[in-house]
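# Overview (structure and organization)
Here is what each chain is made of, one letter per residue.
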Amino acid sequence: MTTWLRLVGASIMGILDPVPSITASPMSEEDGAWVRANAWTKGLRRIEDAYPHGFHRWCSCERGTCHPCGSGHHDQCVSATGPRFDKEADTAARSSSP
């Protein structure tokens, strides 16, 4: 049940098909993997590993299309009212609605 709920959550957040930033990361994938394995807490790793493409490594602006929009149900989109603002990261994610 928990796996299904995480999959639904990832779908709503649009991280089932994240869109990586066009700006290169200052950290290589190998360095990022080392940090996740050695510096992150067990709790952070558990949450990260529960999602198909990870969880904490995606900025709000890198989130992909949510499942409702991907299946043509734009009226059910959680960001249909406009972009999502991530006040902690100081970013605005693009809206998935057409």
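These numbers come from a predicted model, not from an experiment.

What counts and how
- Residues numbered from 1 in each chain as written.
- Predicted model: local features only at pLDDT ≥ 70, side-chain atom pairs only at ≥ 80, totals over all residues.
- Heavy atoms only, no water.
- Helix = DSSP H or I, 4+ residues; strand = E, 2+ residues; numbered from the N terminus.
- Buried < 20%, exposed > 50% of the residue type's maximum accessible area, 1.4 Å probe, protein only.
- Contact = heavy atoms within 4.5 Å.
- Areas by Shrake-Rupley, 256 points an atom, 1.4 Å probe, with all protein chains shown as cover.
- Patch = residues over 30% accessible without salt bridge, like charges linked within 9 Å, V, L, I, M, F, W, Y side chains within 5 Å.
- Salt bridge = Lys/Arg side-chain N within 4 Å of Asp/Glu carboxyl O.
- pLDDT = per-residue confidence, 0-100.

What follows covers the overall build of the chain. Looking only at helices and strands, the chain has four helices and two strands in total. Along the chain direction, N to C, the helices and strands of the chain fall in the order α-α-α-α-β-β. The buried share among the 98 residues of the chain stands at 26%. Partitioning the intrachain contacts of the chain with sequence separation of at least 6 by distance along the chain shows that 57% fall at a separation of at least 24. Looking at the chain as shown, the accessible area adds up to about 6800 Å², and 58% of this sits on carbon and sulfur atoms.

Turning to a nonpolar patch on the surface, a few remarks are in order. Together, Trp4, Leu5, Leu7, Val8 and Ile12 line one region of the surface with nonpolar side chains, adding up to about 450 Å² of accessible area. Position of tryptophan 4 among the secondary structure elements: in helix 1 (residues 2-13).

This part is about the side chain of glutamate 48. With respect to the helices, strands and loops of the structure, glutamate 48 is situated in helix 3 (residues 42-49). Glutamate 48 gets classed as buried once you look at its relative accessible area, which sits at 3%. Beyond its immediate sequence surroundings of up to four residues, glutamate 48 is in contact with Arg36, Trp40, Gly54, Phe55, His56 and Arg57.

Right, let's get into the confidence of the model for the chain. Averaged over the chain, the pLDDT score is 74; the fraction of residues at 70 or greater is 73%. The least confident element of the chain, judged by mean pLDDT, is strand 2 (residues 91-93) at 53; the most confident is helix 2 (residues 29-38) at 91. Across residues 94-98, where pLDDT falls below 50, the model places 21 contacts with residues more than four positions away in sequence or in other chains.

Looking now at the side chain of arginine 36. Along the polypeptide, arginine 36 turns up in helix 2. Given a relative accessible area of 15%, arginine 36 falls into the buried group. Excluding residues within four positions of it along the chain, arginine 36 makes contact with Glu29, Arg45, Glu48 and Arg57.

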